[in-house]
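Residue-level structure breakdown
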Amino acid sequence: MPNNAVFAHFARPLALALLATACSQSFAAVNDAPLTPQEGSHWQKLPTEPYKGKQDDIYFVNQDLGFYVNGKGNIWRSTDGGRSWQNVLKQPGTYFRAIGMVDARHGFAGNIGTGYFPGVTDNTPLYETTDGGDHWSPVTTIPGPPMQGICAIDVLHPDAHNPASTIIDAAGRVGGPARLLRSLDGGKSWSNIDMTPWLAMIVDVKFFDAKHGVIFGGTDADLEKSHAVIVTTDDGGAHWKRAYESQRKSELIWKGYFPSRSVGYATIQNYDTDTKVTQRWLAKTTNGGKNWNEIALVDNKEVTEFGVGFANAELGWVGTNKGGFETTDGGAHWNPVAMGRVINKFRILPDGKHFTAYAIGSDVYKYTSEQLPDVPDAATPVHVDKP
């Protein structure tokens, strides 16, 4: 694999980085300790390579070390909290849509696969690094039928001192077919679960422990026929049940986020061409995903929802093609916020009782009280033709 940057050193010793892995959003979501922002925190744009479309995922191992991926086959790495980035992989023909790190050295990146986006020629669903991102290789130990593509990777650390206990869930894809890859041993072995009995396409996944998890997606591979759907499991994926299904057509759940074990949010994308269908909704749970209620985002047909992230049960954000929205009261009210366009993924890093957050879309943003160098916004419109 090409390697366009030399990883000269980690910003902190490796041992410290391994312990700090517990700061990832996946680990934070199993706790109920509310996080509050540092005084003066706001979204600030980071210096990244210009991108005309929607970039899909970002992951920070700790406050210094992070990675982001996009549809041009690029994987970027930062060792200074996003102030600068190095291109560690450039692989045209691969559409990287998800990334998750076990620790500072070991991680995985998911490819959406062929047959969905034009120009994607790579049918390898999952890549792995064991040297901090310097090299990426196909994962060849996945059993069962081929995985068509991956849209989300969830990394859960039951024991921050033992990377071998890390639970990894990689799921996909938008447009179908729906499959879930699971590893309970940090990626040494995998199970390959056919999810088509419960839903037709998967866009996001979240597990709280080895047995309890949530999957977000659509009921039909044909978007015009699809309803937004959320399914849950209590036995590690052997059985699932529908916890939520929208009553409108041309919908799917795009992303989900749990700021605590009990409270969660999910964005509902709507592609109905009916001019009367203008209201945009989210789904919200207050009992750990067992039941969901719809809450209003904005009454605007031009808005398409993408990512969602919450620092606590009250403070959160939604990314759309028209910019960001912020709530400070658990979704009862939303206001526009300057945080970039088509934000697809949020990552919240706890820092004691406070937090730092990252958001990726056409650009990469950081929510912090730091005074970062000013990076001007690009004037080029962002076009997103497919979900």
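Rules and cut-offs
Residues numbered from 1 in each chain as written. Predicted model: local features only at pLDDT ≥ 70, side-chain atom pairs only at ≥ 80, totals over all residues. Heavy atoms only, no water. Pairing = 2+ DSSP bridges. Helix = DSSP H or I, 4+ residues; strand = E, 2+ residues; numbered from the N terminus. Axes fitted to C-alpha atoms, helices over the stretch in contact; angles between N-to-C directions. Buried < 20%, exposed > 50% of the residue type's maximum accessible area, 1.4 Å probe, protein only. Phe/Tyr/Trp six-rings, centres within 6.5 Å; stacked < 30°, edge-to-face > 60°. Lys NZ or Arg CZ within 6 Å of the ring centre and 35° of its normal.

Glancing now at the sheet that holds strand β6 (residues 96-101). Pairing within the open sheet is antiparallel, and its 4 strands lie in the order β6-β7-β8-β9. Of all the strands in the sheet, just β6 and β9 (137-138) have a single pairing partner and so form its edges. With 2 bridges connecting them, strand β8 (residues 126-129) and β9 associate as antiparallel partners. Across the sheet, residue Tyr-127 finds its bridge partner in β9, namely Pro-138.

Strand pairs in the sheet, formed through backbone hydrogen bonds, run parallel or antiparallel to each other. Strands sit in the order β18-β19-β20-β21 across an open sheet of 4 strands; the sheet is antiparallel. Both edges of this open sheet fall to β18 (251-257) and β21 (293-299), since each of them pairs with a single strand only. Sheet twist, expressed as the average angle between the axes of neighbouring strands with direction ignored, equals 30°. Where strand β19 (residues 264-270) meets strand β20 (residues 279-285), 4 bridges bridge the pair, whose relative direction is antiparallel. Of the residues in β20, the one forming a bridge with Gly-264 is Thr-285.

Here we come to unusual backbone geometry. With an omega of -10°, the peptide bond between Gly-172 and Arg-173 qualifies as cis. Structurally, the position occupied by Arg-173 is in the loop between β11 (167-172) and β12 (179-183). With a phi angle near 45°, Val-342 is a residue other than glycine that sits in the positive phi range. In this fold, Val-342 is placed in the loop between β25 (335-337) and β26 (345-351). For Val-342, a relative accessible area of 1% translates into the label buried.

Here we come to the packing of aromatic side chains. The tally for this structure, following the rule as stated, stands at 22 aromatic pairs. Here Trp-317 and Tyr-367 contribute two aromatic rings whose centre-to-centre distance is 5.0 Å and whose plane-to-plane angle is 55°, an arrangement assigned as tilted. Here Trp-317, found in strand β23 (residues 316-320), pairs with Tyr-367, found in strand β28 (residues 364-368); they are 50 residues apart in sequence, far enough to count as distant. In terms of burial, Trp-317 and Tyr-367 fall into one category: buried. Members of the aromatic cluster, each reached through a chain of ring pairs, are Trp-43, Trp-317, Phe-346, Phe-355 and Tyr-367. A cation sits over an aromatic face here: Arg-182 above Phe-207, 3.8 Å from the ring centre. Taking NZ or CZ as reference, Arg-261 lies 3.7 Å from the ring centre of Phe-208, over its face.

By themselves, these observations are geometric and do not establish any function.
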